[in-house]
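Here is what each chain is made of, one letter per residue.
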Amino acid sequence: MKISVVGTGYVGLVTGVSLAEMGQNVTCIDIDTAKINKLKQGISPIYEPQIEEMMHKNLAAQRLTFSLDQDVNYNDFDLIYLAVGTPENPDGSADLTYINTTVNRITQDLQHATIVVTKSTVPVGTNAKIKALLNQNGAYTVEVVSNPEFLREGSAVHDVFHADRLILGSDSQAAMAVVEAVNAPYKTTVIKTTFASAELIKYASNAFLATKISFVNEIANICEATGANIQAVSQGMGLDTRIGNKFLKAGIGYGGSCFPKDTAALLQIAQQNRIDFPILEATIKTNQQQQLHLVERLMQYYPDLTGKKIAILGAAFKPGTDDIREAPALRIIQTLLEKGARVAVYDPIALDNVREIFGEAIEYCLKIETALEACEAALIATEWSSIQKLNAVTIKNKMRRPLILDGRAALLSLAELNDIEYAVVGQKG
Ligand SMILES: NC(=O)c1ccc[n+]([C@@H]2O[C@H](COP(=O)([O-])OP(=O)(O)OC[C@H]3O[C@@H](n4cnc5c(N)ncnc54)[C@H](O)[C@@H]3O)[C@@H](O)[C@H]2O)c1
Ligand SMILES: O=c1ccn([C@@H]2O[C@H](COP(=O)(O)OP(=O)(O)O[C@H]3O[C@H](CO)[C@@H](O)[C@H](O)[C@H]3O)[C@@H](O)[C@H]2O)c(=O)[nH]1
C-alpha cells in the first residue's frame, strides 16, 4: 500500500517511520525545506529514542522517502495521513490553519477516490468538515477516518508499537476496515466509532490525565502544609486499582505541546456548547500556579533575588525529549529574571531550543557542575537521569549554598543528608 504522511513532526515522523517498519511504502511530506533536507540525509530533526535507527533501516530498504509538499502528487497514494500541528489560538481554541491548508492542497491534486486519516488532534466536528471539503466536487468519494494519536514524546516509537488502543472514527465502515488492516501488526484493541466520539476520546483522555496531575499536585500542597508525605500518599492511592498508580507523580505541573493546548481547546469546545466545565478550569489554574511553586519556595529562602545566581536543572518539559513547548522551566526562568536573579540552565539536549527564547539573558551549561558553580540555589525542573545521579560531594563543592529545591522528586535520597538543604514538592522542607 502506498501511504503518505503529511507533517514530519513528532507524530508524523514516528507514524511514517513505524508504518514503513511494518512493511508499508511510505512518503513523509513537509513544507519545511530544512527538515526535509535533514530527513533525506537520515538525520532526525527531533530527538526521539530509536527513530534514527529505524529511519536508516527503512530508507535503505527503500520503503521510506521524504518529500517536500510541492514535489508530490496526492493522487499517488492509497492512504493520506494528516499529522500537521493544531496549535493554540489566543482564545484557547485549536488553530486549524495547517489542517485547512493541507486539505485544500490535497483537493487540488485529487482526481479519484482515496482515504484521508486524521492523526492530528482536532476539535469535535472537524473531521466531518474535512470530509465535506474533500468532497466538494462530488465526482468521487474521499473517505475520512479520525485516528487520534496517543504517543508520548520521549517514548514515541515504543508507544506506537505498544499502543493501549486504536481509535477509529468514521461514517465509512469500509474505510475504517482499511485503516484497521494497516494497523493490524500493532495488535491492539480496536474501537470503531463516529467522527465526534473519536475526536472527543482524544481530548477527554488528555484532559483526564492532566486533571489527575493537578489533583495530585493539590494533594502535594496539603502534604506540605500538614506534614504528610506525597510519595507515601500517592503510593497508597495508586495501589487502589480503581485509581491506578500512573500520572500520580506530584511536581511542578505538566508542560509540553499537548496537555496545555488540549485542555484549553476542550474548555473552548465546552464553552461553545454552553457547558460549564469547572473541573477542567481548575485543572488549568492549578497547573499554572504549580509551575511557579519552586519560585515561591525559593523566595522563602531569598526574599530578594537580585544578583543571586540560581541554577535550573532541566529545561525540557520532561526527560527524553528536546521539546520545551510550555515547559515549566521556561516560566521559572522568566520569573527569576524578572526578580533580578542570574540564571544558569543545564539540560543535556534542549539548550539550543532554550537559547532561541532567552538569548544572552541567561547562561547555558552542558555540564551540571558548570550550572552549580557558585550558585545560591538549584531548582530541579526535569528529572533527567544525569540529574538523578547528582551526588552530595558535587553539590557541596560547587554550590555557594547547598540548597536544592526539587520539582520532580529527582533527588529524594539526598534528603537524608543533613548538610544539604533540600526541599521537594509535597514534603515540608
Ligand atoms: N507531539 C505529541 O506528542 C503528540 C501526540 C499525539 C498527538 N499530537 C497531535 O498531533 C499533531 C501534530 O503534532 P506534532 O507535535 O507532531 O507537531 P509538530 O509541530 O512537531 O509538527 C508538525 C509538522 O507539520 C508541518 N506542516 C505544517 N503545515 C504543513 C503543510 N501544509 N504540509 C506539510 N507539512 C506541514 C510542520 O512543518 C511540522 O514539521 C497535533 O495536532 C498534536 O496535537 C501530538
Ligand atoms: O505523574 C505525572 C505524569 C506526567 N507529568 C507531567 O506531564 C507532562 C506530560 O507528560 P507525558 O504525558 O508523559 O508527555 P506527552 O508527550 O505530553 O504526552 C501526553 O500528550 C500526548 C499528546 O496529546 C498524548 O498523545 C499522550 O498520550 C499524553 O501522555 C510532563 O510535563 C510531565 O512532567 C507529571 O507532572 N506527573
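Reading the values: the criteria
- Residues numbered from 1 in each chain as written.
- Chains lettered and ligands numbered in written order.
- Predicted model: local features only at pLDDT ≥ 70, side-chain atom pairs only at ≥ 80, totals over all residues.
- Heavy atoms only, no water.
- UniProt positions renumbered as here; feature names shortened; annotations may be inferred.
- Near = heavy atom within 4 Å.
- Polar contact = N/O pair within 3.5 Å; in protein donor to acceptor, adjacent residues only side chain to side chain.
- Areas by Shrake-Rupley, 256 points an atom, 1.4 Å probe, with all protein chains shown as cover.
- Helix = DSSP H or I, 4+ residues; strand = E, 2+ residues; numbered from the N terminus.
- Pairing = 2+ DSSP bridges.
- Axes fitted to C-alpha atoms, helices over the stretch in contact; angles between N-to-C directions.
- Contact = heavy atoms within 4.5 Å.
- Buried < 20%, exposed > 50% of the residue type's maximum accessible area, 1.4 Å probe, protein only.
- Right-handed = clockwise from strand over helix to strand, strands pointing away.

Looking up the protein in an unreviewed UniProt entry gives the name UDP-glucose 6-dehydrogenase, with the organism given as Latilactobacillus graminis DSM 20719. Among the UniProt annotations of the protein, the heading Sequence similarities (unreviewed entry) holds the following wording: "Belongs to the UDP-glucose/GDP-mannose dehydrogenase family." Regarding the protein, the relevant UniProt record gives this comment under Pathway (unreviewed entry): "Nucleotide-sugar biosynthesis; UDP-alpha-D-glucuronate biosynthesis; UDP-alpha-D-glucuronate from UDP-alpha-D-glucose: step 1/1."

Hey, could you run me through the site of ligand 2 in this one?
Around ligand 2, a shell composed of 20 residues is seen, among which Phe150, Leu151, Glu153, Asn206 and Cys258 lie nearest. Separating an oxygen atom of ligand 2 from a backbone N or O atom of leucine 248 is a distance of 3.4 Å. Within the backbone of glycine 255, one N or O atom sits 3.0 Å away from an oxygen atom of ligand 2. Burial of ligand 2 by the surrounding chains reaches 90%, relative to a free accessible area of 690 Å². Listed by contribution, the elements that provide at least two residues to the shell around ligand 2 are α8 (195-226) and α10 (259-272). In terms of residue count, the dominant contributor to the shell around ligand 2 is α8 (three residues).

Would you explain the sheet that holds strand β10 (residues 342-346) in this entry?
Across a sheet, paired strands are connected by hydrogen bonds in the backbone, their directions being either parallel or antiparallel. Spatially, the six strands line up as an open sheet ordered β11-β10-β9-β12-β13-β14, and their pairing is parallel. With one partner strand each, in any of the chains shown, β11 (363-365) and β14 (421-424) form the two edges of the open sheet. The mean inter-strand angle of the sheet, taken between neighbouring strand axes irrespective of direction, is 20°. Pairing of strand β9 (residues 309-313) with strand β12 (residues 377-380) involves four bridges; the strand directions are parallel. Looking across to β12, one finds that isoleucine 312 is bridged to leucine 379. Running at roughly 175° to β9, helix α13 (residues 328-338) makes contact with β9, β10 and β12 of the sheet.

Is there a simple way to explain the pairing of strand β6 (residues 143-146) in this structure?
Looking along a regular strand, one sees the side chains alternate between the two faces of the sheet. Here β6 shows two buried faces, one formed by Glu143 and Val145 and the other by Val144 and Ser146. When strand β5 (residues 115-118) meets β6, the two strands line up parallel, connected through four bridges. Its bridge partner being in β6, valine 117 is matched across the sheet by valine 145. Since β5 and β6 lie parallel, the crossover through helix α5 (residues 126-134) that links them has a hand, and here it is right-handed.

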